[in-house]
Amino acid sequence: TELCYLFSTTLPKLSVLVFYLRIFFEDKVRRAIYLVMGIVSLAFIINLILVFTACIPLAYRWDKCIEGGRCFVKATTAYTATSLPNIITDIDVLLLPLPTLLKLQISMAKKIGLIVTFILSSL
């Protein structure tokens, strides 16, 4: 389930960020998008390594009856380490388009509609 969680949180977030790259052309925004993409990818790789190296042998993670098996990290610590960067990058993805949307020279109703659309799609 941890692998499913990692892939199901990382890949959609990266796809949204790639979409942002297609629609936002400001240098500052694009640099921020690339930075968040790097953080998301790095967190994915670190957590992937954590999943496979937290217990020796790997099967000890779900079968505590294996003799000589041990875990270097508690499961709750691993879950916290996995979810904290995830929450931070979720907030980043949510906030990235807002400065650009606020600068648009359109009516306030359309601006609010766009912001609500981006917020709902980020959720």
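Residues numbered from 1 in each chain as written. Predicted model: local features only at pLDDT ≥ 70, side-chain atom pairs only at ≥ 80, totals over all residues. Heavy atoms only, no water.

Caption draft 1: Quick peek at the side chain of Thr-10. Inspection of the secondary structure assignment puts Thr-10 in helix α1 (residues 2-23). Residue Thr-10 is classed as buried on the basis of its relative accessible area of 8%. (Helix = DSSP H or I, 4+ residues; strand = E, 2+ residues; numbered from the N terminus. Buried < 20%, exposed > 50% of the residue type's maximum accessible area, 1.4 Å probe, protein only.)

Caption draft 2: Broad picture of the state of the cysteines. Counting across every chain of the model gives 1 disulfide. Note on cysteine connectivity: Cys-55 is disulfide-linked to Cys-71, with sulfurs 1.8 Å apart. Negative torsions about the S-S bond denote left-handed disulfides, and the value of about 95° found for Cys-55 with Cys-71 makes this one right-handed. A residue pair is termed long-range when its members are at least 10 positions apart, and Cys-55 in strand β1 (residues 55-56) and Cys-71 in strand β2 (residues 70-71) qualify at 16 residues. (Disulfide = S-S within 2.5 Å.)

Caption draft 3: Broad picture of the environment of Tyr-20. Relative to the assigned elements, Tyr-20 resides in helix α1. Only 3.2 Å separates the side chain of Tyr-20 from the backbone oxygen of Val-93, close enough to count as a polar contact. (Polar contact = N/O pair within 3.5 Å; in protein donor to acceptor, adjacent residues only side chain to side chain.)

Caption draft 4: Structural view of the packing of aromatic side chains. Applying the stated criterion across every chain, the model contains 5 aromatic pairs. Summarising the aromatic geometry, the rings of Phe-7 and Phe-44 are spaced 5.1 Å apart at their centres and angled 65° between planes, so their arrangement reads as edge-to-face. Of the two residues, Phe-7 sits in helix α1 while Phe-44 sits in helix α2 (residues 27-53), which places them 37 residues apart along the sequence. Overall, the relative accessible area of 39% leaves Phe-7 in the partly exposed class. Judged by relative accessible area, Phe-44 falls into the buried class, the value being 15%. Taking 6.5 Å as the distance between ring centres and 45° as the angle between the ring planes, the aromatic pair formed by Phe-19 and Tyr-20 counts as tilted. Taking the relative accessible area as the measure of exposure, Phe-19 reaches 43% and is therefore partly exposed. An aromatic cluster is present here, built from Phe-19, Tyr-20, Phe-24 and Phe-118 joined pairwise through their rings. (Phe/Tyr/Trp six-rings, centres within 6.5 Å; stacked < 30°, edge-to-face > 60°.)

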